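If you want the building blocks of each chain, they are given just below.
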Amino acid sequence: RDVRAEAALSEEVLEDYEPSSVVSAPLLVEGHCLGFMSADRGGRLFEFGAEALRILEVFTAITAVLLEKALEQRELERLNELKSQFVALASHELRTPATSIYGAAVTLHERAHELEQKQLESLRDILFEQSDRLRVLVEELLDLSRLDAGSIRIQPERIEVATRLHRLVGELFAER
């Protein structure tokens, strides 16, 4: 039928594309609609027999599967890029404390007998702080690995945000 008479499309679509007879078929994959494929016959009405309808169903099913695979491929590429960025960031974050620890250890190994007590204490502090930082980073990576593997679950719980913030601020100032 005439889509203008049916009021099946918005005025904007009617003005931009000037369709007259339109057929739309859902792009279904496993019960999910990915969108619709539509066609305009350019002034002539669509008339479908049983065989033409079956061909249209097969064609939309194939199109839907191809569209789904393209979307999955795009998502895989996005996830792969995120993984690459995460590895680069994790490597950078691990390199900093590891380099500090190595530098302090080499200095102690090669020059401990020449250093003053204050310098030795400074190196000891660097070793402690940076090794603790490294330990925390490794624990966080292990936690992420466990989350990814599904071996631990996050169980959200309600908290009083104001109470929690007051406690955290109090702890922060108590450390100083």
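Residues numbered from 1 in each chain as written. Predicted model: local features only at pLDDT ≥ 70, side-chain atom pairs only at ≥ 80, totals over all residues. Heavy atoms only, no water.

1. Side note on the confidence of the model for the chain
Then, number 1: This prediction gives the chain a mean pLDDT of 87; 93% of its residues lie at or above 70.
Then, number 2: At the low end of the mean pLDDT range in the chain sits helix α1 (residues 3-6), at 70; at the high end sits helix α4 (residues 117-149), at 93. (pLDDT = per-residue confidence, 0-100. Helix = DSSP H or I, 4+ residues; strand = E, 2+ residues; numbered from the N terminus.)

2. A word on the packing of helix α3 (residues 50-111) against α4
Then, number 1: At a closest axis distance of 9 Å, the pairing of α3 and α4 adopts a crossing angle of 155°. Our classification of the angle between α3 and α4 gives roughly antiparallel. For α3 against α4, the interelement crossing comes out left-handed. Contact residues: Phe 86, Ala 90, Glu 93, Leu 94, Thr 96, Pro 97, Ser 100, Ile 101, Ala 104, Ala 105, Thr 107 and Leu 108 in α3; Leu 120, Leu 123, Ile 126, Leu 127, Gln 130, Ser 131, Arg 133, Leu 134, Leu 137, Val 138, Leu 141 and Leu 144 in α4.
Then, number 2: Across the contact of α3 with α4, the residue classes break down as 17 nonpolar, five polar and two charged. (Axes fitted to C-alpha atoms, helices over the stretch in contact; angles between N-to-C directions. Parallel < 35°, antiparallel > 145°, perpendicular 65-115°, else oblique. Left-handed = near helix turned anticlockwise from the far one by under 90°. Contact = heavy atoms within 4.5 Å. Nonpolar A, V, L, I, M, F, W, Y, C, P; charged D, E, K, R; others polar.)

3. As for the pairing of strand β2 (residues 32-40)
Then, number 1: Pairing between strand β1 (residues 22-29) and β2: eight bridges, direction antiparallel. Residue Val 29 lies in a different strand from β2, and its bridge partner there is His 32.
Then, number 2: Counting the residues that bridge the hairpin from β1 to β2 gives two residues, and of these Glu 30 lies at a positive phi of roughly 50°. (Pairing = 2+ DSSP bridges.)

4. Focus: α3
Then, number 1: Under the 1.5 Å per step criterion, the end-to-end length of α3 is 90 Å for 62 residues, consistent within 8% with the ideal 92 Å.
Then, number 2: Within α3, the full set of buried residues consists of Thr 60, Ala 64, Glu 68, Ala 90, Pro 97, Ile 101 and Ala 104.
Then, number 3: On its buried face, α3 is in contact with β1, β2 and α4. (Expected span 1.5 Å × (residues − 1). Buried < 20%, exposed > 50% of the residue type's maximum accessible area, 1.4 Å probe, protein only.)

5. Observations concerning α4
Then, number 1: Its 33 residues place the ends of α4 47 Å apart at the C-alpha level, agreeing with the 48 Å of an ideal helix rising 1.5 Å per residue.
Then, number 2: Contact partners of the buried residues in α4: α3.
Then, number 3: Looking one or two residues past α4, Gly 150 carries a phi angle of roughly 80°, positive in sign.

6. Points about a nonpolar patch on the surface
Then, number 1: Taken together, Phe 86, Val 87, Leu 144, Leu 147, Ile 152 and Ile 154 make up a surface patch of nonpolar side chains, about 530 Å² in accessible area.
Then, number 2: Listed by contribution, the elements that provide at least two residues to the nonpolar patch are α3 and α4.
Then, number 3: Note on placement: Phe 86 falls in helix α3. (Patch = residues over 30% accessible without salt bridge, like charges linked within 9 Å, V, L, I, M, F, W, Y side chains within 5 Å. Areas by Shrake-Rupley, 256 points an atom, 1.4 Å probe, with all protein chains shown as cover. Salt bridge = Lys/Arg side-chain N within 4 Å of Asp/Glu carboxyl O.)

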